[in-house]
Amino acid sequence: MASSEVKKKRKAVTRDVDSGPAIVSGDEPGFAQLDGTLAGSDDSEIGDNDDSIFDVGSTDESSEPVEDLSDDGGRDSVGSSDDGLSKGSIDQKAKIAQPVDIEVETTALSGEDPDDEEEDDRPNFRVQKDANGNDRYIYDEIDPDDNSELDELGPEENTIGNIPLSYYDHFPHIGYNINGKKIMRPAKGAALDALLDSMEIPKGWTGLTDPSTGKPLELNEEELNLLKKVQMNEIPEDGYDPYEPTVEYFTSKTEIMPLSAAPEPKRRFIPSKHEAKRVMKIVRAIREGRILPYKSPEEGGEDDADVQNYDIWANEKARPEHIMHVPAPKLPPPGFDESYHPPPEYLPDKGEKKAWEDADIEDREKEYLPTDHASLRKVPGYDNFVKEKFERCLDLYLAPRVRRSKLNIDPESLLPKLPSPEELRPFPTTCGIIYRGHKGRVRSLSVDPSGLWLASGGDDGTVRVWQLDTGRQIWSVSLSSDEAVNVVRWRPGKDAFILAVAVGDHVYLCVPPICDPDLEGASLEVLDAGWGYSSSTSTTKLPLTWTRPSNKLSDNGVHALISLGHTAKTVSFHRRGDYFVTVCPAPSTPSSSAIAIHTLSKHLTQYPFRRRLKGGGPPQTAHFHPSKPILFVANQRSIRAYDLSRQSLLKILQPGARWISSFDIHPTSSAISGSDNLIAGSYDRRLLWHDLDLSPRPYKTLRYHQKAIRAVKFHPSGQYPLFADASDDGTVQVFHGEVVADMMSNARIVPLKVLKGHKVVGDLGVLDIDWHPVEPWIVSAGGDGTCRLWR
Amino acid sequence: MGKIKKRGTSGQAKNYITRTQAVRKLQISLPDFRRLCIFKGIYPREPRNNKKASKTSSQATTFYYTKDIQYLLHEPLLAKFREQKALSKKIARSLGRNEVNDAVRLEKYGTPKITLDHIIRERYPTFVDAVRDLDDALSLLFLFANLPSTSTVPSQVIARCQRLCHEFEHYLITSNSLRKSFLSIKGIYYQATIQGQDVMWLVPYRFVQKATQDVDYRIMGTFVDFYSTLLGFVNFRLYTSIGLVYPPKFNAERDERGAELGAFTLEGRAVGDGLENGDSLKTIANGHAQTTNPVEVQRQLEQVVQLEDSEQDQENDNQAGKEENDDALDKFETAGPEADTLAQPDLDSNQTASLFASFTFYISREAPRHPIEFLLRAFGCRRIGWDPVLGEGAYTNDEVDGRITHQVVDRPSLPESSSLGESGEQGQNVDSNSRTLRPGMRVPGRTYIQPQWVWDCINAGRLLRPDLYAPGATLPPHLSPWVQAAPGQYDPRASLAEQELDGEAQQAREESRNDGQEDDASSSDVESSEDGSVDGRMDIAGSDNGEDEVDEVPEEEDFAGFEDEEAGGVGSGNEHEDERSQHQKELEAEAAGLPFSSTPDSGKPATGRIGTEAKKRALKKQKEEEELERRKMMMSRKKRKLFEKMQYSNSKRDAEAEKLRSKRRKLERAS
């Protein structure tokens, strides 16, 4: 009956909710007790059971609003629920009456305050009994809270310290910050609630913006439901039933009877033959030692392997190295400077040391700096030892090996063995005589065939004849006041004494009255023989005629005059002296009259070339071959040889020079070696030796001058194998140029002497040279107005 | 018409193969290729024409001979490398499956063993070939023997190198084939003659080696693998060639106690008579001197007596040998300087064996024990004692032992007075086995020398005066024994006067004198030049008379024309000419590096003489130069270039020698 009473009581409570909130507040023990009572009364009234369950559920449901109510009522009920009063007593009190219940509440209320005070006044120690039975005070550990004053306060933090905030209830602020500014009271909940209430939030409002549309994002009903389900930890899918009935794959029922009535086969009860066979195979293998049990290899075997214990070269057989194999070069042995205590002269001085230290590691010639250590104990370790050995290793397998043939020969042996200058003597070495007298440059000079006289002509328009070995001026004639004497040439041959002079547009033929009268007479005869001839066979087509010069000149020894009309720059006699060729190189000269051949005996002038020479510009100079009827004509870049008897072109030489200034033909080479040799000088500083049979290109190209070469000349007699060239740098260079009779060997050219003496005046040094006909002497005409004899 | 040849099918294009192509052809990784190349001694080549050899771009690449690579294709090592690669894959797989035990087992037992024996035989078909290539091997192995063990250089490798090196040194000691040694700033160079081949190697000083970042120990390790195999076989051959058993017995305990060379016991191979006389069982070290066993001490004493007897015998022999010493090689001296000198054998093993044979050495504790011990033993010394701190195996550790004849000391000078006689017993330790003197004490009757004495004696091939090498003395310079005097090179052994070019010393003297006088000279120059312009003609005429020999000189030519000028009556150019010639002279003198003074009559006849001599020299030099120019003019351009190149290296050598000479001159003048 007690249980039914309880039940009744519960029912009563549910009915009038207002009356007993404290009782219904529903503590677990009470509920369990309730269940127990329910279980106990299970047998008697089942029908009531459901009802009671429902009732309990209803109480559970209603407990929430009950609590809400109690909250609204005040803090009292909360305090009551925390009370240490047993449920049993409550139940008993609840059985008595309502007023009692209230009484309990009041006691609970009254009990609250002393409790709080007790907490404040409670001593911060506990008292225990120690072993002797005396009191022992155990203090609680002091928990230094985070808001201790020692802590740094933020700028907006309250600085009022550990006092109740209720002191500030009457003020609009709640304290002061660290700067002494008032911290205002934040808005109260009520005000916020009022504000929020005033705003109406639409359903599905999120406060977000849909990035795709730019409109505010609002959730629809479905999505809200989904969210709700997610929030409730439910399966969000619609129509999902978590409590579906199971469908079995196999039946869970076991049948009593077997499906087949066949008896067990025999093989299930006898050992397998096949297995026995296989086992026997293994057994046999084990017996025979084919299968060995696993044994881990021993550790000790390694050391023995390292020691070589047989002679690998027991039956050695030498094998020649492969031809392409390059053995690694051995490192060179250390030198004196690598010693730990080297001789003092090997030690670097300050400058060298600094240079070594400043240099990049790759740039250093030696990888170490010679250092002196007074004794062995002071020698430090060498830092780069490992690195050097490593680099050696790298060299051994990475560096390409190339066999370089090192020329271990004396450099002297490379030098050609030249005959010493002593053997090649005589040749001119020193300046013997200086012929002074010309004003301005001396343009040309010539030594007469007898070797006694020297004729010279210069810018002052005079022709002077000097005694060669004394330097005395014997004869002089002024042929022009404004034009320079370009060329003076003696007629070869000792039977006459005739000097050809080219001044401006004219060529004069003179017989200087200085030789003995017989010779002078013979010379005049040679010159005068042509007058009759020209008058007797006068033809109209003769382009120009020879005339007698004025009396004043003829008194001075000038006996014939040819007016070429153009400036002749070179005059060259044929070896017999009957012909001479003049060349007018000026570009304005018509090509037909640039080269003229004059016959002395007939006073005849011919122009052999009607058309201009092809290629290489205007003609520069021309010479007759010393023994054959060949005329060599040089224009700027080539030299041509014409056969005069057949009137045909023999050969074209291409010296490779830009502008040939002069050339000369070896006097005797055609007789000695059968081929002609020729030297040419050019304004582009080259001296070129040609062997005409060898090649149209030069056999030797010599470039020893700093300035243009003006004149080149072989020694006219075959006696001395000498030739010389004169240059604008003021030097005359003398060479030994021997043409040998042996057909197989080429000419031997040896530089002999540089004759320095002429001063360079206005970029002109030596303008002309001429050899003495018999002696190894040379005469040079300088731009400084002097002539010099070198011997 | 013949078949058109395709490009890149013959010639250089086919003979050379780039490294990438080679690696691809061999189907191995680049590090494996590197190892293979190191083992097989295959090195890149420089094609004669880079462009023809490379089929594609003209980028700089390394080329190998195609034949070389083809030859590598058949190498058995390649199979090993592939096995190793397969194994590493297996290990990686089992590690990936977390089967650590499997991985360990595979790594431990599955690693294919690489043997290099066949490669040694292949690369060095004869023993002499191997000896010829021993330089680098020894240098590297000695370095590794002195390295600390790290993860990259395992201790087994170091131990193996040490063992091989010590074995090799033992051979050198027994066969007396060490010839020369040199203390350099890098380390100690040794040279031995084995089977007629000179082998030179470098051993570092015993310091911790500084290793820089850019040293790859894997490459060096590959070399060490190869070289240690090589040296093992060489050692075997060397030991068996002198009748010893290889490997010698190695006593690990004694090695632990620092015996080094003494840890090995050499055994003779002939069993029958070997054990009888006890000589065949040859313990190099005399460690038994330390044992306290009285029987052994007695035996040792007897031995010493015997040794002394034998020494006397030897001395007698030597004296006798001096009279009828026909076996020894005679020294050939060339009579003339133009003759070629032939290389002569400098030392034979008999000489080396007897250099220090009669001495007992004691090595003080500050001297480097190992190299000194090795050298002394290799040159015949049998009794070497040292301080007990230097390790085991000494003949005696007793510094005051009376048998010691020489003591190697590397300390500042010892005071003469503090000899043992005065200080008596207080300088000694109590322990009679290893008595040590107080520092600064001397035992009378003993030669004290610095370590360099040992080296210099060995290089000189005879005993040198020990007083020059006394402790604290300034040592004579230590010279490399391998530098031969070559013409044009500076030789510190010869005196300065022998090497100077003619006139060099005088010139230097003048220079040094002129350093002081320079100011005076320059001021007097101005005056004298003015004088010269007034009556310079006479002056120069006078100077011409003074030096008749110089008259041929071309620069003097101008003056030959005096008479002619007078004859011509033109004197205007005369003065000008004189000035010019004077200027010319000054220039000449300047070119010759001489102080120019145009007035030879400036009051000092001595300087005048010197001046003329200098002038003569300068003129001679100029003449020579002119001659050289003349000859060079006739050379072809190619030859001239070659000549100038040769001249360049020669002149560099000459400049170096000249610099050294001038330094020495200065030093000699200062002293």
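Here the structure is a predicted model, which means the values were calculated and not measured. (Residues numbered from 1 in each chain as written. Chains lettered and ligands numbered in written order. Predicted model: local features only at pLDDT ≥ 70, side-chain atom pairs only at ≥ 80, totals over all residues. Heavy atoms only, no water.)

Q: Describe the overall build of chain B, listing the residues and the values that go with them.
A: The secondary structure content of chain B amounts to 25 helices and twelve strands. Counting only residues that meet the buried cut, chain B has 44% of its 671 residues in that class. Of the contacts made within chain B by residues no fewer than 6 positions apart, 65% connect residues no fewer than 24 positions apart. With an accessible surface of roughly 36,800 Å², chain B has 50% of that area assigned to carbon and sulfur atoms. (Helix = DSSP H or I, 4+ residues; strand = E, 2+ residues; numbered from the N terminus. Buried < 20%, exposed > 50% of the residue type's maximum accessible area, 1.4 Å probe, protein only. Contact = heavy atoms within 4.5 Å. Areas by Shrake-Rupley, 256 points an atom, 1.4 Å probe, with all protein chains shown as cover.)

Q: Kindly report on the side chain of histidine 623 of chain A, identifying the contributing residues and their values.
A: Residue and element names in this part refer to chain A. Inspection of the secondary structure puts histidine 623 in strand S21 (residues 619–624). A polar atom in the side chain of histidine 623 sits 2.9 Å from the side chain of serine 572. For histidine 623, the side chain forms a polar contact with the main-chain oxygen of phenylalanine 663, separated by 3.0 Å. Filtering out sequence-adjacent residues up to four positions away, histidine 623 remains in contact with Ser572, Ile630, Leu631, Phe632, Phe663 and Ile665. (Polar contact = N/O pair within 3.5 Å; in protein donor to acceptor, adjacent residues only side chain to side chain.)

Q: Account for a positive patch on the surface, with residues named and values stated.
A: Judged by side-chain charge, Arg278, Lys281, Arg284 and Arg287 of chain A come together as a positively charged surface patch. With respect to the helices and strands, the residue arginine 287 of chain A is situated in helix H10 (residues 273–288). (Patch = residues over 30% accessible without salt bridge, like charges linked within 9 Å, V, L, I, M, F, W, Y side chains within 5 Å. Salt bridge = Lys/Arg side-chain N within 4 Å of Asp/Glu carboxyl O. Lys, Arg positive; Asp, Glu negative; His and termini not counted. Charge placed at Lys NZ, Arg CZ, Asp CG, Glu CD.)

Q: Give me the sheet that holds strand S15 (residues 546–547) of chain A: which residues, what numbers.
A: Residue and element names in this part refer to chain A. Spatially, five strands are ordered S12-S13-S14-S16-S15 in an open sheet, and the strand pairing comes out antiparallel. Across the chains shown, the open sheet's two edge strands, defined by having one partner strand only, are strand S12 (485–490) and S15. As paired strands, strand S13 (residues 499–503) and strand S14 (residues 506–510) are joined by five bridges and run antiparallel to one another. Paired with alanine 500 across the bridge in S14 is leucine 509. (Pairing = 2+ DSSP bridges.)

Q: Tell me about the confidence of the model for chain A, residues and numbers included.
A: Chain-level pLDDT for chain A is 78 on average; 80% of the residues reach the 70-or-more range. Scored below 50 in pLDDT, residues 1–117 of chain A makes 43 contacts in the model with residues more than four places away or belonging to other chains. (pLDDT = per-residue confidence, 0-100.)

Q: Explain helix H10 (residues 134–145) of chain B to me, and be specific about the residues and the numbers.
A: Look at H10 of chain B: 16 Å from first C-alpha to last across twelve residues, which is about the 16 Å you get at 1.5 Å a residue. For H10 of chain B, the tally of buried residues reaches twelve of twelve residues, placing the bulk of the element in the interior. Where H10 of chain B is buried, its residues meet helix H13 (385–398) of chain A together with helix H9 (127–132), helix H11 (155–175), strand S5 (197–204) and helix H12 (217–241) of chain B. (Expected span 1.5 Å × (residues − 1).)

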